[in-house]
Amino acid sequence: MTTAAAAALPAGGFGCGKVKISNDFGGLNGFSSWSGAANHHHQPCRRLMISSSRASSPPSPPPPPTPPTDDEDEKEEVEGKVSVMKRLVDANPVGLGRRSRQIFDEAWRKFSELGQISRTTRTNDESILLIQEGGPMCEFAIPGAQNTTVLVIGATSRVGRIVVRKLMLRGYSVKALVRNADQQVVDMLPTSVKIVVGDVGDPATLRDAVEGCNKIIYCATARSSITVDLNRVDHQGVYNLSKAFQDYNNKLAQLRAGKSSKSKLLLAKFKSADSLNEWEVRKGTYFQDTVAAKYDGGMDAKFEFSESGDAVFSGYVFTRGGYVELSTKLSLPLGSTLDSLPPNFRYEGLVLSVGGNGRSYVLILEAGGDTTQSSLYFSRFSTKVGFCRVRVPFTSFRPVNPADPPLDPFLVHTLTIRFEPRRQRAAEGPVGTNQDLRSFKLKLEYIKALPTGQETDFILVSCTGSGIETSRREQVLRAKKAGEDSLRRSGLGYTIIRPGPLMEEPGGQRALIFDQGNRISQGISCADVADICVKALHDSTARNKSFDVCYEYVAEPGKELYELVAHLPDKANNYLTPALSALEKNT
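What to know about the overall build of the protein chain
Alright, step 1. Each helix and strand in the protein chain was counted, giving 13 helices and 24 strands.
Alright, step 2. The buried share of the protein chain, taken over its 587 residues, is 48%.
Alright, step 3. A fraction of 76% describes how many contacts in the protein chain between residues 6 or more apart in sequence connect residues 24 or more apart.
Alright, step 4. Taken as a whole, the protein chain presents about 30,300 Å² of accessible surface, with 52% of it coming from carbon and sulfur.

Pasting the structure below:
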């Protein structure tokens, strides 16, 4: 039974971690205005500046006051309002957020030192607080945020608007992809957000959007239940954007002579007829059935380079218990290995670019010191009609002999792709009708080793299906699932968040349930979903995980679906790490 986790958000009060810094400045209700933040936090900053100037020189006795006239009072009042309006208009929301958090952190430091017997006096506290912009803002600051550019898709959506503001207030550079840059859309986003015009359904418009970006948060969703719109945004949009981002990373890797942390290790590339020479086609059976062998049609397979420039592995298996396979000895570049265990921890799996007709295959790795003492490990993968990328983590490989130890990629020396008629399912759509599941055709483009990453690259906000009208739920979930599958196959580090029904209310007020298994039915606020997206950017436990999330609920006796994860609140309010640590990877 899959374990779910409840991340108990800390209760309010100083010192317990529930200081509403992130929510207050990220829009508790989802739509906090910048002017509101500026108006609320500008006055304390002025007080500190005045206090600092008074401490530097003794005050001189004030001159006797002269009673102002009514005209002078009215003039000063008008000038004061104009001055305040100019300050609010010219205020930088990022600077205001940082400075206000600095002021709060400094006040908290002084408050916590009141109980100490003695302390070292810090000179010129106020000047350090107001001038030192390059240092850490406070305990809630994210290291390296200023060097990270995040592309937000669906930046004007209910969740996306809060995500943009939370990212900015933490120092990130933010790019927003919009279909139309009209004035109404521009007014919905902060002025410091870089707006890029494009469409997720048009791959040509995504190249400029992903350029210079380090991470992607996808909050877009189709505005109608029409199948064309659902596929364009929820399925094809995710595929197009993940491919554009992967192509951009590959381009960077080439410019850096393959030294990028995201560059893959090429194991095989099928670009000419000569590239097929190292591969061997073999046939075999799991058992011998002499009676059935008299009536079967046999089996055959071939691997050839077609006139269209594709490497095609095709054939049929009519023999009961039979299979055909394509195998080769791995020849890695000098100095390269497939280590996935510490201390090297270099590659976490394989990615294949293939074009199929909906058939499933078995990927077999042979590992050991020599061929006489080798162990076999297998993992299944499915293809779609047309080209797609298939991601197969090393952790998904299971030993053929249960007594063998887990796979050690360092010892892998042979790779095999096997087709067998059993466990085949017809492809969806008209292509899958009237097909003989005992025949196959697989096009191969390349096979690469997928580099290990500590953080997620692509965060996708999907849905659980709860709260959607029954008449359109199946269509929506089908498109969402297809988009999730394309992201998992992309080779990028991913985090898929499936929230319950979205609610317009303050975030950070209630405990959250993190689950796997599509069992939740409760809602969750947009602000909480946005906070999870931002926290998952640099959380290693969020990489390559899919999970459902909603508010905590009381289950019926004997039907508890989750266990509470103990969590001591800290200043960073880090509830995500202990919650996701209990969930499974590569889901």
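Notes on helix α9 (residues 227–255)
Alright, step 1. Between its first and last C-alpha, α9 extends 40 Å over 29 residues, near the 42 Å set by a 1.5 Å rise per residue.
Alright, step 2. At Gln-236, α9 is bent by approximately 45°, the largest bend along its length.

A few points about the pattern of salt bridges
Alright, step 1. This model, assessed by the stated rule, comprises 24 salt bridges.
Alright, step 2. Each member of the salt-bridge network shares a partner with another, and the members are Lys-481, Glu-484, Asp-485, Arg-488, Arg-498 and Asp-548.

Topic: the packing of aromatic side chains
Alright, step 1. Evaluation of the coordinates by the stated rule reveals 14 aromatic pairs.
Alright, step 2. Here the aromatic rings of Tyr-316 and Phe-318 are separated by 4.9 Å at their centres, their planes lie at 35°, and the arrangement is tilted.
Alright, step 3. Residue Tyr-316 is classed as partly exposed on the basis of its relative accessible area of 32%.
Alright, step 4. For the pair Phe-514 and Phe-547, a centre-to-centre distance of 5.6 Å together with 55° between the ring planes defines the contact as tilted. Of the two residues, Phe-514 is situated in strand β21 (residues 512–515) and Phe-547 in strand β23 (residues 545–551); the sequence distance between them amounts to 33 residues.
Alright, step 5. With a relative accessible area of 0%, Phe-547 lands in the buried category.
Alright, step 6. In this structure an aromatic cluster arises from ring pairing among Phe-270, Trp-279, Phe-303, Phe-313, Tyr-361, Phe-381, Phe-419 and Phe-440.
Alright, step 7. Taking the ring centre of Tyr-323 as reference, the NZ or CZ of Arg-418 above it sits at 3.9 Å.

Quick notes on the packing of helix α6 (residues 158–169) against helix α12 (residues 526–536)
Alright, step 1. Viewed as axis vectors pointing N to C, α6 and α12 meet at an angle of 50°, and their least axial separation amounts to 8 Å. The angle between α6 and α12 places the two elements in the oblique class. For the element pair α6 and α12, the recorded crossing hand is right-handed. Seen from α6, the contacting residues are Arg-158, Val-159, Ile-162, Val-163, Lys-166 and Leu-167; seen from α12, they are Cys-526, Ala-527, Val-529, Ala-530, Asp-531, Cys-533 and Val-534.

Description of unusual backbone geometry
Alright, step 1. Even without being glycine, Asn-544 reaches a positive phi, approximately 60°.
Alright, step 2. Within the fold, Asn-544 resides in the loop between α12 and β23.

Concerning the pairing of strand β10 (residues 322–329)
Put simply, side chains in a regular strand alternate between the two faces of the sheet.
Alright, step 1. Where burial is concerned, most of β10 is hidden: 7 out of the 8 residues are buried.
Alright, step 2. Judged from the 6 bridges that link them, strand β7 (residues 280–285) and β10 form a sheet pairing that is antiparallel. When the bridges of β10 are listed, Glu-280 appears paired with Ser-327.
Alright, step 3. Of the pairings in the sheet, the one linking β10 to strand β16 (residues 412–419) comprises 6 bridges and is antiparallel in character. Bridging from a neighbouring strand, Val-324 pairs with Phe-419 of β16.

Observations regarding the side chain of Ser-546
Alright, step 1. Secondary-structure assignment places Ser-546 in strand β23.
Alright, step 2. Polar side-chain contacts of Ser-546 include one of 3.2 Å to the side chain of Arg-488.

Let's talk about α6
Alright, step 1. Across the 12 residues of α6, 11 count as buried, placing the element largely inside the fold.
Alright, step 2. Of the positions making up α6, those classed as buried are Val-159, Gly-160, Arg-161, Ile-162, Val-163, Val-164, Arg-165, Lys-166, Leu-167, Met-168 and Leu-169.
Alright, step 3. Just past α6, the residue Gly-171 takes up positive phi, approximately 95°.

So, the sheet that holds strand β12 (residues 360–367)
Alright, step 1. An order of β7-β10-β16-β12-β13-β15 is seen for the 6 strands of this open sheet, with the pairing classed as antiparallel. The sheet is open, and its two borders are formed by β7 and β15 (398–399), each paired with just one other strand.

Describing the environment of Phe-394
Alright, step 1. Examined against the element boundaries, Phe-394 turns out to sit in the loop between β14 (386–393) and β15.
Alright, step 2. What makes Phe-394 buried here is its relative accessible area of 6%.
Alright, step 3. The sequence separation of Phe-394 and Phe-378 amounts to 16 residues, and the corresponding C-alpha distance is 9.7 Å.

Considering the side chain of Asn-240
Alright, step 1. Inspection of the secondary structure puts Asn-240 in helix α9.
Alright, step 2. On the basis of relative accessible area, Asn-240 is assigned to the buried category, the value being 6%.
Alright, step 3. Discounting chain neighbours no more than four positions away, the residues touching Asn-240 are Val-200, Gly-201, Asp-202, Pro-203 and Leu-206.

Structural notes on the packing of α9 against helix α11 (residues 470–489)
Alright, step 1. Put simply, α9 and α11 touch, their axes get as near as 8 Å, and they point 10° apart. The angle between α9 and α11 places the two elements in the roughly parallel class. The segment α9 lies against α11, with Thr-227, Leu-230, Asn-231, Asp-234, His-235, Val-238, Tyr-239 and Ser-242 engaging Gln-475, Val-476, Ala-479, Lys-480, Ala-482, Gly-483, Ser-486 and Leu-487.
Alright, step 2. Of the residues belonging to the contact of α9 with α11, the class tally is 7 nonpolar, 7 polar and 2 charged.

A look at the confidence of the model for the protein chain
Alright, step 1. Here the protein chain shows a mean pLDDT of 75. Residues at 70 or above account for 66%.
Alright, step 2. Segment residues 9–59: pLDDT under 50, and 86 contacts once partners within four positions in sequence are set aside and those in other chains are kept.

Observations concerning the environment of Ala-222
Alright, step 1. You can see Ala-222 is positioned in the loop between β5 (215–218) and α9.
Alright, step 2. A relative accessible area of 11% means that Ala-222 is categorised as buried.
Alright, step 3. In sequence terms Ala-222 and Ala-479 are 257 residues apart; their C-alpha atoms lie 9.8 Å from each other.

What counts and how
- Residue positions are given per chain, counted from 1 along the sequence in the order it is written.
- With the structure being a predicted model, the display of local features is reserved for residues of pLDDT at least 70 and the display and counting of side-chain atom pairs for 80 or more, all residues being used for whole-chain, interface and lining totals.
- Side-chain figures throughout are based on the complete set of non-hydrogen atoms in the structure, without hydrogens or water.
- Elements are defined by DSSP. Helices are runs of H or I of four residues or more, strands are runs of E of two residues or more, and each kind is numbered from the N terminus.
- A 1.4 Å probe rolled over the protein chains alone gives each residue an accessible area, and that area as a share of the maximum for its type sets the label: buried under 20%, exposed over 50%, partly exposed in between.
- The criterion used for residue contact is that any of the two residues' heavy atoms lie within 4.5 Å.
- Here the open area of atoms and residues is found with the Shrake-Rupley method and a 1.4 Å probe, where only the protein chains shown may cover a residue.
- A helix is expected to span 1.5 Å for every residue after the first.
- To get the bend at a given residue, fit one axis to the seven residues ending there, fit another to the seven starting there, and take the angle between those axes.
- Each reported salt bridge corresponds to a side-chain nitrogen of Lys or Arg within 4 Å of a carboxyl oxygen of Asp or Glu.
- Under the pairing criterion, centres of Phe, Tyr and Trp rings, with the six-membered ring standing for Trp, must be within 6.5 Å; the plane angle then separates stacked pairs below 30 degrees from edge-to-face pairs above 60, leaving the rest tilted.
- Placement of a positive charge over a ring is assigned whenever Lys NZ or Arg CZ falls within 6 Å of the ring centre and within 35 degrees of the normal to the ring plane.
- Every angle, taken between N-to-C directions, lies between 0 and 180 degrees, and every axis is a line fitted to C-alpha atoms, over only the stretch in contact when it is a helix.
- Throughout this description, any angle smaller than 35 degrees is read as roughly parallel, any larger than 145 degrees as roughly antiparallel, any in the 65 to 115 degree range as roughly perpendicular, and the remainder as oblique.
- By the definition used in this description, the sense in which the near helix is turned from the far one sets the handedness, with an anticlockwise turn below a right angle giving left-handed and a clockwise turn giving right-handed.
- Only strands joined by at least two bridges in the DSSP assignment are considered to pair.
- Within 3.5 Å is the distance limit for a polar contact, defined as a pair of N or O atoms, with the added protein rule that one can donate a hydrogen and the other accept it, and that residues adjacent in sequence qualify only through two side-chain atoms.
- Under the scheme applied here, ten amino acids are nonpolar (Ala, Val, Leu, Ile, Met, Phe, Trp, Tyr, Cys and Pro), four are charged (Asp, Glu, Lys and Arg), and all others, including Gly, are polar.
- Values of pLDDT, ranging from 0 to 100, describe the predictor's confidence in every residue of the model.

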